[in-house]
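Below are the chains, spelled out letter by letter.
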Amino acid sequence: MPEDVVVDDDAPGPAISVSDSGDTGDVGRLRMIVQLVKKSLGVKDIAAMRLSLPASLLEPLPNLEYWHYLDRPDLFAAINDHDDPFERMVAVVRFTFTKDLKFIHGKVCKPYNSVLGEHFRSHWDVPPVQYSSDPAKHPILRTHATHTHSAPASTTALPFETVSVKSGHSENSFKSIRSGLSLLSKIKPGFSTTLTPEEPVVDEALSGSMSNLSLGSCEARSSDHIRVAYLTEQVSHHPPVSAYYASCPARSIEMKGIDQISSRVSGTALRVTPGSFNKGIFIDITGGPGEGERYHVTHPVASVNGILRGNFYITVADSTIITCTGGNGKQRLRAVIEYKDESWIGKAHFLVEGVIHTYDEGDTEFEQWTKVKHVPQSYVLAHFDGCWRGQIRWRRMDSASGSRSSVSLSITSEYETLVDLSALQVVPKVVRPLEKQLPNESRKLWDNVTSRLLNKEYSDATKHKLVIEQRQRDEASERKRKGQEFIPHYFEKDISSGVPVLTAEGRKALEEELRE
C-alpha cells in the first residue's frame, strides 16, 4: 500500500486505499475520484470506509467549519419576529430553503475529515431583516443580497464557489475551489460590498487564492446588528458524528442537532441520507411571541451526480417535514416540502412543491403525510412551489366552507415571492484569530495542512494530514489500553435523542462567543 495512504484499522468498514496519482490537475483528481468510486461499489456506507484520502483531493477547509445550516443567519434570527404563528411557520420554511446556500452557489468539494474532540466556534453579526406593511411580501434583507428594495447598510456577497460532500458531519464557509482562509476573493458583477471599519483588508496578492471567509475582528459592531453564535464538536469517530448548537439571545431563538450521514454509490451517483443519530434540526423559541415552540426540521435525501464525467452537481429528493410543537398557538402547524424527482433524461430542473397545513394534536394520521398529495385540502393553509435553486412563490389558501370535511379551497391571496435564492449569498462568519484558538479548534488543528494546500504543496500537506490522523489513532489506542472512554467536552455524552445538550464548558464557550 502506498505510504501516503493510511488505513484506520479501528474503523468497522472495509479497507479501501486510493493512491495519489501525482497529477494535481483536474484530470489527475478526476482519475483518483473515479478510482475511489469504483472501489466503493457495493459498500453499504462509505462513511464507514477505512480510508485516508491524499490531501490533493481535499478542499482546504475543516468539515466542522463548513457545515452549520446558518448560511443566512439573518433569516434564522427572523423566525421569532412575528406575532402570528402562521407567519412564524412561513419564516421557518424560508429559513429552511436558505440554510444551505452553498449547494446553490457552489461546486462540490471534500473537506477534511474531523477528528475526535475537534471543535469549532464562530459568530455572525447581522442587521435584522425589515418588513413591508404586507406580511405576505418577502422581507427586506439588508446584507449579502441583491434586490430592488432600498435598505440601509445594504451589502453584497462575496462569491461562494464551493460545495461540500459531507464526509461525516459539520460545516461551512470557505468559498473558492482552491482556497482556504480569508476575507476577500473575486467579487461577482452586480454585487457591491460595504466593509465596515472593523473588517480587515486582505493583501491583494493573497486574495486571489483565498476563500471568502471572514476573519474580521468582532469589535464595534453596528448598534442594530444582532449576533448569532455557533459551537460544534466531533463527538464520535466511528461512526463520524458531530453535535452543534446555535444561539441568538436577542431574538430568543436556538438551534441544535446531531450531524451524521450515511452515503453509498447508487448507479453513477453518490446517495447521501441522514445517519441513525441524525434526527434533523431542532429550532427552539425561548421567549417572545413564539415562546415554547419547537420546530423539528427533517433532512431530505441528496445525491452527488456527474461523478464519472467530472461535472458534479447536487440533486435533492424525498421530502423535508417541518413540525411545530409546544407554544400557545390554538392551531398546530406543519409544513411538507416535497422535492420533485429528476428525470433520467435531460437536465435537472430542481423543482419543489409544498404546503403549510394544520394537524390535530393527539392524532398520528398526519405523520403519514409526506407528500403534498397526502394532505387533505381542508387542512391546507398555504401552498408554495418553484425551483429550490431559484425563486419559490407562495400564497394563502383556505377551505371554502371552513369544515374539515370540505375538499374545496379558496385562494385568499395572489402568489408572492417566498424567497429568491438566486439573489442571496452566503453571509461570512467571524472567527477568532489562530493565536486565540485552542489546539483542537478546527482552524488551529488543520492550519499546517490548509497553508500547504493553499500553496499547492500537496506532498507536504499530506504529511501533515497523516500526522494529525496518526495522533488520533495513538490517542484512541491509549484510551483502549487504559480502558477509558472518550467523553465530549462541550456536549453531554448521550446523543440518542438527536437533541444535544451543552455541558457547563459548552455553555461557557457559547457565552464567550456571544461576548466576543
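Notes on the structure follow. For clarity, every value in this text was computed on a predicted model and none was experimentally measured. (Residues numbered from 1 in each chain as written. Predicted model: local features only at pLDDT ≥ 70, side-chain atom pairs only at ≥ 80, totals over all residues. Heavy atoms only, no water.)

1. With respect to the overall build of the protein
This is how it is decided: Helix numbers and strand numbers start at the N terminus; a helix is a DSSP run of H or I with at least 4 residues, a strand a run of E with at least 2. For every residue, the accessible area obtained with a 1.4 Å probe (protein chains only) is divided by the maximum for its type, and the residue is called buried under 20%, exposed over 50%, and partly exposed between those limits. We call two residues in contact when some of their heavy atoms are within 4.5 Å. Residue-level accessible areas treat just the shown protein chains as cover; the underlying method is Shrake-Rupley with a 1.4 Å probe.
Assigned secondary structure in the protein consists of 10 helices and 19 strands. Burial analysis of the protein (516 residues in total) assigns 56% to the buried set. Within the protein, contacts between residues at least 6 apart in sequence are counted, and of these 67% link residues at least 24 apart. Roughly 21,900 Å² of accessible area belongs to the protein as shown, and the carbon and sulfur atoms make up 51% of that amount.

2. Overview of the layout of surface pockets
Stated precisely, the cut-off is as follows: A 1.4 Å probe that fits into a set of points on a 1 Å grid over the protein atoms alone but cannot get out defines a cavity; an open set with protein on both sides within 12 Å along at least five of seven lines defines a pocket, and lining residues are those with an atom within 4 Å of a point. Grid points are joined across faces, edges and corners, and a volume is the space filled by probe spheres set on the points. For this classification, the nonpolar set comprises Ala, Val, Leu, Ile, Met, Phe, Trp, Tyr, Cys and Pro, the charged set comprises Asp, Glu, Lys and Arg, and every other residue, Gly included, is treated as polar.
Its boundaries defined by the atoms lining it, the second largest pocket holds a volume of some 650 Å³. Lining the second largest pocket are 23 residues; nearest its centre among them are Ala-269, Asn-305, Thr-315, Glu-342 and Trp-344. For the lining of the second largest pocket, the secondary-structure elements that each account for two or more residues are β8 (269-274), β11 (301-305) and β12 (313-317). In terms of residue count, the dominant contributor to the lining of the second largest pocket is β12 (four residues). Considering only residue class, the lining of the second largest pocket consists of nine nonpolar, nine polar and five charged.

3. A look at the pattern of salt bridges
Put simply, the rule is: Here, a salt bridge means any side-chain nitrogen of Lys or Arg that lies within 4 Å of a carboxyl oxygen of Asp or Glu.
Within the structure shown, the criterion is met by 27 salt bridges. The salt bridge partner of Arg-251 is Asp-81, with a shortest N-O separation of 3.2 Å. Residue Arg-251 is found in the loop between β5 (241-248) and β6 (253-259), and its partner Asp-81 is found in the loop between α3 (73-77) and α4 (85-98); the two are separated by 170 residues along the sequence.

4. Some words on empty space enclosed by the protein
Remark: the empty space left among the atoms is shown by a probe the size of a water molecule rolled over them. Within the structure shown, the criterion is met by five cavities of 30 Å³ or more. Taken as a whole, the second largest cavity spans an internal volume of roughly 70 Å³. Every residue along the wall of the second largest cavity is listed here: Pro-85, Glu-293, Tyr-295, Cys-324, Gly-326, Gly-327, Asn-328, Gly-329, Gln-331, Arg-332 and Leu-333. For the lining of the second largest cavity, the class distribution of residues is four nonpolar, five polar and two charged.

5. Overview of the packing of aromatic side chains
Stated precisely, the cut-off is as follows: Only the six-membered ring of Trp is used, alongside the rings of Phe and Tyr, when aromatic pairs are assigned; centres must lie within 6.5 Å, and planes under 30 degrees apart are stacked while those over 60 apart are edge-to-face, with the rest tilted. In this scheme, the term charge over a ring applies when either NZ of a lysine or CZ of an arginine sits within 6 Å of the ring centre and within 35 degrees of the ring normal.
Under the criterion given, the structure shown has 14 aromatic pairs. An angle of 70° between the planes, with centres 5.3 Å apart, marks the rings of Trp-369 and Tyr-379 as edge-to-face. Pair noted here: Trp-369 is in the loop between β15 (351-359) and β16 (380-387) and Tyr-379 is in the loop between β15 and β16, with a separation of 10 residues, a long-range link. Accessibility assignment for this pair places Trp-369 and Tyr-379 in one class, buried. An aromatic cluster is built from Tyr-66, Trp-67, Tyr-69, Phe-103, Trp-124, Tyr-230 and Tyr-244, whose rings are joined through pairwise contacts. Above the face of the Trp-67 ring, Lys-102 is positioned so that its terminal group lies 5.4 Å from the ring centre. One cation-aromatic arrangement involves Arg-389 over Phe-350; the distance from NZ or CZ to the ring centre is 4.8 Å.

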